[in-house]
Amino acid sequence: MTKPTYTDYFFDEPAYNTHDGGYVPLEEPQTPQQALRIPPLLKPDKETATDTYYTVEAQAGETQLLPGAKTKTWGYNTTLLGQTLVFEKGKHMHIALKNSLPELTTFHWHGLNVPGPYTDGGCHAPVYPGETQHIDFTVDQPAATLWLHAHPCPSTAEQVWHGLAGMVLVTDQTEAKLPFPRNYGVDDIPLVLQDRRFHENNQWDYDADYDPDGVQGPTPMINGTINPYFDVTTQRIRLRILDGANRREWRLHFSHDLPFTQVASDGGVMPEPVQFTHLMLTCAERAEIIVDFGSVKPGETVTLYSDDVPIVRFRIHDYQREDVQLPDHLVDIPDPDVTPNTPIRKVVMSGMDEQVMIDGKKFAMQRIDAKQQVGNVELWDVTNTNEMDGGMVHPYHMHGTQFLVVSRNGHAPYPNEHGFKDTVGVNPGETVRLKVWFDKPGVFMYHCHIIEHEDGGMMAQIQAYTPEEPNKTYKLMDMDTLMKAVAKERGIDVKDLHLAGMSSYEKMGMQM
Ligand SMILES: [Cu+2]
């Protein structure tokens, strides 16, 4: 039987962001095309057979994005986004987290299976300006495309907007044996999809663009490149695509409806490859796709679009012909049993704008909302009740776990949702059932990954505990400490401090 090629985006069309009142359409940049920036691989400080040492430095700088003035940007080991980290499965990683920014930040490893809350790097793990902290962990999960981003509540959105987002590639022996392109920068290409608005003198202005439903800009920015092209020199390329935007959904398709094959989702290689002509990603989701240009002649250009706007041009050069068939089965994904006694947890995402909440509450850093024993499998029913004006898709993300998608409103999940995921788009009026377990203890956040929604309180946290320490207490960040620290960094009085996400609490008359 020939396998299907899927030609639709699956998500509910009336809930697409294009229908939002505040939607900012993408516009094709009018500036000259530039070579797609490929983030360099970060060189380890030291490497042995068993251990790897990295220094990750959050820094401020300037980046030439448009002709004329450089743009003030932030990045990891570079001025914008990050150098790419490679984590080899089984190795012990030692990472120095250095903050050279003028304000506190955190280093969150999105999708990485590490203990919480300090190694995970959510809001409870601040690194103050001028400080260096050290984490270490053993890489304990399959090959995957993960990412590093800032997560200091309620300023996550603003810091990511400044540029704090980098790629993290986990490698392992299983993936290494699959016939995938893996020559980094040549046929294995990270693709961070973001959007920005350029104000006077080519600068970004987060406050001016602020929208509690998610900040957007009209200009596509791909790997920190405006109007990029990529020179293709092989028949096949692998794109590791990340929706790194604060709010934007990407509806991807190539010119001539060129089909492509998705081989991995958030948490790694999928059990089976799935062929598409169209693919929608919600915030923080990743898809690894393999594109075969075998039907395209050298000299031609294949364009990647989001909706109807070109975002990357692939200029096809001479390439060596190859005839690679992907196996029908790629990897085995463990699917732990559930029983009629398996607990079913309910999570409700509600509201839009300032009203966003989880289970009728806004996030509080000192409150533990749920507990689950490490190793136990539970079903999580995640519901999006927001149907106002057609509603919107909330990308639901969990720290500390790679989950399985069981069903959508009782029906089969989408064809590319059979592998490990850490972020899943939930349509309005829909309940997505997940199979969730934690391998590591700690306090972990779960939230909408429209980043302004999480800053605005659409977030909660769970304590994953071991039977030996069911009531372990962790030192959790508190609002008073945070506000005083940021006010001091900015040289202002704490009563004059305003952080973007706070407005959602104030409008609702709620305390952070
Ligand atoms: Cu949301």
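Because the structure is predicted, anything quoted here is derived from the model rather than measured.

Brief notes about empty space enclosed by the protein
Thinking step 1. In total, this model carries 4 cavities of 30 Å³ or more according to the counting rule given.
Thinking step 2. Each pocket or cavity is described by its volume, and for the largest cavity that value is around 130 Å³.
Thinking step 3. Lining the largest cavity we find 17 residues, and of these Phe11, Leu279, Met280, Glu285 and Asn416 sit closest to its centre.
Thinking step 4. At the level of elements, strand S21 (278-281) and strand S22 (286-292) are the ones that each hand at least two residues to the lining of the largest cavity.
Thinking step 5. For the lining of the largest cavity, the leading source of residues is S21, giving 4 residues.
Thinking step 6. Tallied by class, the residues present in the lining of the largest cavity amount to 9 nonpolar, 3 polar and 5 charged.

What about the sheet that holds strand S19 (residues 260-265)?
What links the strands of a sheet is backbone hydrogen bonding, and the strands pair in either a parallel or an antiparallel sense.
Thinking step 1. The mixed open sheet is built from 8 strands, whose spatial order is S1-S20-S19-S22-S17-S13-S14-S15. The sheet is open, and its two edges are formed by strand S1 (5-6) and strand S15 (225-226), each paired on a single side.
Thinking step 2. Pairing geometry for S1 and strand S20 (residues 268-276), over 2 bridges, is parallel. The partner of threonine 5 across the bridge, within S20, is glutamine 275.

A short note on the layout of surface pockets
Thinking step 1. Considered as a void within the structure, the largest pocket measures approximately 470 Å³ in volume.
Thinking step 2. Lining the largest pocket we find 23 residues, and of these Thr261, Gln275, Val324, Gln325 and Leu326 sit closest to its centre.
Thinking step 3. At the level of secondary structure, the elements contributing two or more residues to the lining of the largest pocket comprise S19, S20 and S22.
Thinking step 4. When residues of the lining of the largest pocket are assigned to their parent elements, the largest contribution, 3 residues, is made by S20.
Thinking step 5. The residue inventory of the lining of the largest pocket, partitioned by class, reads 10 nonpolar, 7 polar and 6 charged.

Details of the coordination of the copper ion
Thinking step 1. At 2.0 to 2.1 Å from the copper ion lie its protein donor atoms, namely His394 (ND1), Cys448 (SG) and His453 (ND1).
Thinking step 2. Sequence positions of the residues that donate to the copper ion give the spacing H-x53-C-x4-H. Highlighted residues: histidine 394 in strand S29 (residues 394-398) and histidine 453 in helix H4 (residues 451-455), separated in sequence by 59 residues.

Digging into the UniProt feature "domain: Plastocyanin-like" (unreviewed entry) in the protein chain
Thinking step 1. Under the UniProt annotation, the feature "domain: Plastocyanin-like" (unreviewed entry) is placed at residues 59-173 and 338-463.
Thinking step 2. Summarising residues 59-173: 7% helix, 42% strand, and an end-to-end C-alpha distance of 34 Å.
Thinking step 3. Structurally, residues 338-463 comprises 4% helix and 42% strand, and the distance from its first C-alpha atom to its last is 21 Å.

Some thoughts on the sheet that holds strand S12 (residues 165-171)
Thinking step 1. Taken together, the 4 strands give an open sheet; going across it, the order is S7-S12-S11-S9, and neighbouring strands pair in mixed fashion. Both edges of this open sheet fall to strand S7 (85-88) and strand S9 (108-110), since each of them pairs with a single strand only. Across the sheet, the mean angle separating the axes of adjacent strands is 30 degrees when strand polarity is ignored.
Thinking step 2. In terms of strand pairing, S9 meets strand S11 (residues 144-149) through 3 bridges, oriented antiparallel. Within S11, the residue paired with tryptophan 109 across the bridge is leucine 148.

Quick look at helix H5 (residues 479-490)
Thinking step 1. A rise of 1.5 Å per residue sets the reference length of H5, with its 12 residues, at 16 Å; its end C-alpha atoms lie 16 Å apart and thus fit the reference within 8%.
Thinking step 2. When H5 is considered as a whole, its buried residues turn out to be Met479, Leu482, Met483, Ala485, Val486 and Ala487.
Thinking step 3. Where the residues of H5 are buried, they touch helix H6 (502-507).
Thinking step 4. Where H5 begins, the capping side chain belongs to aspartate 478, and its oxygen is found 3.2 Å from the backbone nitrogen of aspartate 480.
Thinking step 5. Positive phi appears at glycine 491, one or two residues downstream of H5, with a value of about 65 degrees.

Digging into the pairing of strand S13 (residues 188-196)
Thinking step 1. Most of S13 is tucked away, with 9 of its 9 residues classed as buried.
Thinking step 2. Every second residue of S13 is oriented toward a common face, with Asp188, Pro190, Val192, Gln194 and Arg196 on one face and Ile189, Leu191, Leu193 and Asp195 on the other, all of them buried.
Thinking step 3. Bridge count between S13 and strand S17 (residues 236-243): 6 bridges; the pairing is parallel. If you follow isoleucine 189 over to S17, its bridge partner there is leucine 239.

The rules behind each value
- Residues numbered from 1 in each chain as written.
- Predicted model: local features only at pLDDT ≥ 70, side-chain atom pairs only at ≥ 80, totals over all residues.
- Heavy atoms only, no water.
- 1 Å grid on protein atoms, 1.4 Å probe; cavity = no way out; pocket = protein on both sides within 12 Å on 5 of 7 lines; lining within 4 Å.
- Points joined across faces, edges and corners; volume = space filled by probe spheres on them.
- Helix = DSSP H or I, 4+ residues; strand = E, 2+ residues; numbered from the N terminus.
- Nonpolar A, V, L, I, M, F, W, Y, C, P; charged D, E, K, R; others polar.
- Pairing = 2+ DSSP bridges.
- Donors = N, O, S within 2.8 Å, 3.2 Å for Na, K, Ca; no water.
- UniProt positions renumbered as here; feature names shortened; annotations may be inferred.
- Axes fitted to C-alpha atoms, helices over the stretch in contact; angles between N-to-C directions.
- Expected span 1.5 Å × (residues − 1).
- Buried < 20%, exposed > 50% of the residue type's maximum accessible area, 1.4 Å probe, protein only.
- Contact = heavy atoms within 4.5 Å.
- Polar contact = N/O pair within 3.5 Å; in protein donor to acceptor, adjacent residues only side chain to side chain.

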